[in-house]
Amino acid sequence: MTLRSGCNVVSMRGKHLLTLPDGRSFEVNETFAFLWDVAAKAGEFTAETLADAIFYEYGIAPEVAAEEASATISLWQEYSLTE
Amino acid sequence: MQPLSGEEWDGVLSVAAKQSVSGIICAGVNSLPESFPVPDKVILSLMADAERIRRRSALVSGVMEKALERFAEAKPIVMKGPAVAAYYPEPELRESGDIDLYIPKGASGNAAPDGSSHIKIDGIDIDIHSSYFDLGLSPDIEIPSPEATLLMLSAHILKHAFSSGIGMRQICDIALAYRALDYNPSKLLSLWSDCGLTRWNNLLSSFIRQYLCIQAPLVEAEDPESLLKIVLEGGNFGHFAASRRESLSGPAASRKGDTLKRILRKAPFGLRYAPGKYLWYIFTLVKGNLKAPSPPSSF
């Protein structure tokens, strides 16, 4: 899957903002912004791509990283942030 | 540096929006030391504004490429807008309006297929001008050239200063052009003199030096207060002046009446800093039945 075109996460002074093509924007947390950046850089990505990134960045157990990645992707899909 | 109160930050956001410089303010706030406190809501608001401006800039840049391709035969020159954005450290943060193209009279393909001088591509307005300079100026100068660009930007600001009003965005444009362009100062000063615009440019350069701390050329310093008053009164193209907001929602006659009132109110300013051009402008408006020779930009 890929991130939905026109959606973007911007960061400034420790704050992160998800912006949508229709002009709406939402504050998101640091993990969301980190995973978004990983997915954006990857282009095509899977839950495994995100799980690996969480594992290396935060040093948590692989199964916890996999759960986090899966939950994040579910959230993105629920809000149509992926294609 | 003293921290700002919440009310002062609200004031910064409000002035930035009114002057169409939210993108520049966002870059400025981002460059403040981490130790300088900035409320979360201010950061989020500026980030949202900056992202909106970036998206619009990308759209306008794409449309500019299409327009240049469409009129390629006539060798158009982009005036203002995306062309001046290039002088900014972060061009995509300059708030974009419409696109102005200069195509000399007689050049093939100097109009839209229906002969009009206004077209739209992907929802972006494109105005095609057969004159490079506002206010009827026709100096003997190569176009494009750094000196011609600076005179064009200055005359554009002057036209709006004594008609609809002018904001910081256009003044930032010329200030950054002064910083970026490799112009010949004596050639520029001689152009000002030939066009009867020396005193006006002295005022504009004094304003730029005092409020933007950018070196702009001048012959003699002027007190920039009168220009600051115009800038603060109506913001971007005067759109935020109370009378303008009322007239914009009224009938066309009310808009024309408001335009005339504004121009007459600027008589002391116009007659002091550019009397010849002010009178020329009034004469042209009267001749055109209160219709401006080139309509003020709508953004």
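Conventions and cut-offs
- Residues numbered from 1 in each chain as written.
- Chains lettered and ligands numbered in written order.
- Predicted model: local features only at pLDDT ≥ 70, side-chain atom pairs only at ≥ 80, totals over all residues.
- Heavy atoms only, no water.
- pLDDT = per-residue confidence, 0-100.
- Helix = DSSP H or I, 4+ residues; strand = E, 2+ residues; numbered from the N terminus.
- Axes fitted to C-alpha atoms, helices over the stretch in contact; angles between N-to-C directions.
- Parallel < 35°, antiparallel > 145°, perpendicular 65-115°, else oblique.
- Left-handed = near helix turned anticlockwise from the far one by under 90°.
- Contact = heavy atoms within 4.5 Å.
- Nonpolar A, V, L, I, M, F, W, Y, C, P; charged D, E, K, R; others polar.
- Phe/Tyr/Trp six-rings, centres within 6.5 Å; stacked < 30°, edge-to-face > 60°.
- Buried < 20%, exposed > 50% of the residue type's maximum accessible area, 1.4 Å probe, protein only.
- Lys NZ or Arg CZ within 6 Å of the ring centre and 35° of its normal.
- Lys, Arg positive; Asp, Glu negative; His and termini not counted.
- Salt bridge = Lys/Arg side-chain N within 4 Å of Asp/Glu carboxyl O.
- Polar contact = N/O pair within 3.5 Å; in protein donor to acceptor, adjacent residues only side chain to side chain.
- Pairing = 2+ DSSP bridges.

Peer 1: I'd like to hear about the confidence of the model for chain A, residue by residue, with values.
Peer 2: Per-residue pLDDT for chain A averages 95, and the proportion of residues at 70 or more is 100%. Looking over chain A, one finds the lowest element-wise mean pLDDT in helix 3 (residues 62–78) of chain A, namely 95, and the highest in strand 2 (residues 15–19) of chain A, namely 97.

Peer 1: Let's hear about the packing of helix 2 (residues 22–30) of chain B against helix 3 (residues 40–70) of chain B: which residues, and what values?
Peer 2: All names here are of chain B. At a minimum axis distance of 9 Å, the contact between helix 2 and helix 3 shows a crossing angle of 130°. Accordingly, the angle class assigned to the pair helix 2 and helix 3 is oblique. Where helix 2 crosses over helix 3, the two elements pack in a sense that is left-handed. Of the residues in helix 3, those touching helix 2 at Ser22, Gly23, Ile25, Cys26 and Val29 are Leu46, Met47, Asp49, Ala50 and Ile53. Among the residues making up the contact of helix 2 with helix 3, the classes are represented as seven nonpolar, two polar and one charged.

Peer 1: Let's hear about the packing of aromatic side chains: which residues, and what values?
Peer 2: The tally for this structure, following the rule as stated, stands at 15 aromatic pairs over all chains. Centre to centre, the rings of Phe162 of chain B and Tyr281 of chain B are 5.8 Å apart; their planes meet at 45°, and the pair counts as tilted. You can see Phe162 of chain B sitting in the loop between helix 5 (146–161) and helix 6 (168–180) and its partner Tyr281 of chain B sitting in helix 13 (residues 275–287), a full 119 residues away along the chain. A single burial state applies to Phe162 of chain B and to Tyr281 of chain B, both of which are buried. Of the aromatic side chains, those joined through ring pairs into one cluster are Phe32, Trp36, Phe45 and Trp76 of chain A. The lysine or arginine in question, Lys277 of chain B, covers the ring of Trp280 of chain B, its NZ or CZ lying 5.9 Å from the ring centre.

Peer 1: Can you break down the side chain of Asp100 of chain B residue by residue, with the values?
Peer 2: Residue and element names in this part refer to chain B. Locating Asp100 in the fold gives a position in strand 2 (residues 99–102). For the buried Asp100, no salt bridge exists, and the shortest N-O distance to an oppositely charged side chain is 4.1 Å, to Lys80. Within the local environment of Asp100, its side chain forms a polar contact with the side chain of His129, the two groups lying 2.7 Å apart. Sequence-distant contacts of Asp100, that is, excluding residues within four places in its chain, are made with Ile77, Val78, Met79, Lys80, Asp127 and His129.

Peer 1: With reference to specific residues and values, describe the sheet that holds strand 3 (residues 25–28) of chain A.
Peer 2: Residue and element names in this part refer to chain A. Taken in spatial order, the three strands of this open sheet run 1-2-3, and their pairing is antiparallel. In the strand order of this sheet, the two ends are held by strand 1 (8–12) and strand 3, each with one partner. Geometrically, the sheet is characterised by an average inter-axis angle of 30° between neighbouring strands, direction not taken into account. Bridge analysis of strand 2 against strand 3 gives four bridges, and the strand direction is antiparallel.

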